[in-house]
Amino acid sequence: MNTFQFPLIRITLAFITGIVCARFLALTNVQLTACIVLTAAIVCAFYWYSKQHIRAALGFGSCTFVLFLFIGMGVVQMHNKLMHPQHFAHKVTTAQSMRVTFSLETPLRSSKKNYRYVGVLKSINNLAVTGRVVVSFPKSQKRPRFKENYAGLVWFIPLQRKPNPGQFDYDSYLKDQSIYGQIFVKKYQNYPKTRTPFLEWVPAFHDKIAQRLSHALDATTAPIVMALILGQQHDINPTINKDYQLAGAVHILSVSGLHVGFILLLLQLPSQHLSQYLFLFS
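Notes on the structure in this doc start here. (Residues numbered from 1 in each chain as written. Predicted model: local features only at pLDDT ≥ 70, side-chain atom pairs only at ≥ 80, totals over all residues. Heavy atoms only, no water.)

1. Re the overall build of the chain
Secondary structure assignment for the chain yields nine helices and six strands. Considering the chain as a whole, with its 282 residues, one finds that 29% of them fall into the buried category. Restricting to contacts in the chain with at least 6 residues of sequence separation, those with at least 24 account for 65%. Working note: accessible area of the chain is about 18700 Å², and carbon and sulfur atoms make up 64% of it. (Helix = DSSP H or I, 4+ residues; strand = E, 2+ residues; numbered from the N terminus. Buried < 20%, exposed > 50% of the residue type's maximum accessible area, 1.4 Å probe, protein only. Contact = heavy atoms within 4.5 Å. Areas by Shrake-Rupley, 256 points an atom, 1.4 Å probe, with all protein chains shown as cover.)

Dropping the structure here:
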């Protein structure tokens, strides 16, 4: 039987086609909504008409394909952060200095001079905004903790630069991650927290483990152990990371601490119990 005879396969292909088209064809929310409503109405009309005329089935299938193509474009539009009216990209378009409040989401690989994180903006010059940015802190200051809120004076740089021909387009890569700017922090301080005590305890416990590992292990081993246990890969030396890639074992550094914990629990079981568990998973 031909695979394309299944309606779900054709609908999925139409949906994927819509996702790809959304990257090259920009429509406003009003235009996209109008296309979806109009196409849906035509599909309903063809469905009613096809019950009486067999030849109308081709038109029904074609319009259904177009409908799910527009739906795929709509899903991409819904996830486009720039469509939010409070996104900072609508309020800041040039490089400038400003006062912002933000929270740190995840750590990135540090550079020679800066600690780098993915941050979420909360306000710019006391104006509420949304959006994700790359946050750089100078290493001359105390290292900040992620999952914390901060306020400070920063230098903002929007993603507008274009690379030379053949050069890696870092700005386009960041935009694919819904990151539309970079801020370089000059001065900062902790911002009043509004989280629950449990959410405040988690990053503190995370930092405590990282500090103890750093003191107990040497500078080469500690980042590897932190990657295995904490999933924190940004401190691994690029040379070591490349050695793992050449050895075909870089995936080891992506193993989560939860998986490592399961392995340790299995290894701590008595040998007779361990053989029973291994038999269940074999």
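That covers the picture; the talk isn't over yet.
2. Description of the pairing of strand β6 (residues 179–190)
Here strand β4 (residues 132–138) pairs with β6 via four bridges, running parallel. Looking across to β6, one finds that R132 is bridged to I179. (Pairing = 2+ DSSP bridges.)

3. Regarding the pairing of β4
With respect to burial, β4 is a largely interior element, six of its seven residues being buried. Relative to β4, strand β2 (residues 114–124) runs antiparallel, the two being bridged by seven bridges. Residue pairing for β4: G119 is matched across the bridge by V133.

4. Concerning a nonpolar patch on the surface
Together, F6, I9, L13, F65 and V66 make up a nonpolar patch on the protein surface, roughly 390 Å² of accessible area in all. Those elements that place two or more of their residues in the nonpolar patch are α1 (7–21) and α3 (57–78). Tracing the sequence through the fold places F6 in the segment before α1. (Patch = residues over 30% accessible without salt bridge, like charges linked within 9 Å, V, L, I, M, F, W, Y side chains within 5 Å. Salt bridge = Lys/Arg side-chain N within 4 Å of Asp/Glu carboxyl O.)

5. Observations regarding the environment of S62
Residue placement: S62 occurs in helix α3. Placed 16 residues apart in sequence, S62 and F46 show a C-alpha to C-alpha distance of 10.0 Å.

6. Concerning the pattern of salt bridges
Counted under the stated rule, the structure contains two salt bridges. Among the ionic pairs, R23 bridges to D176, the shortest N-O distance being 3.4 Å. Placement of the pair is R23 in the loop between α1 and α2 (29–50) and D176 in helix α4 (residues 170–176), with a sequence separation of 153 residues. Residue class for R23 comes out exposed when judged on its relative accessible area of 60%. We note a salt bridge from R132 to E105, for which the minimum N-O separation is 2.8 Å. Of this pair, R132 sits in strand β4 while E105 sits in strand β1 (residues 96–107), placing them 27 residues apart in sequence.

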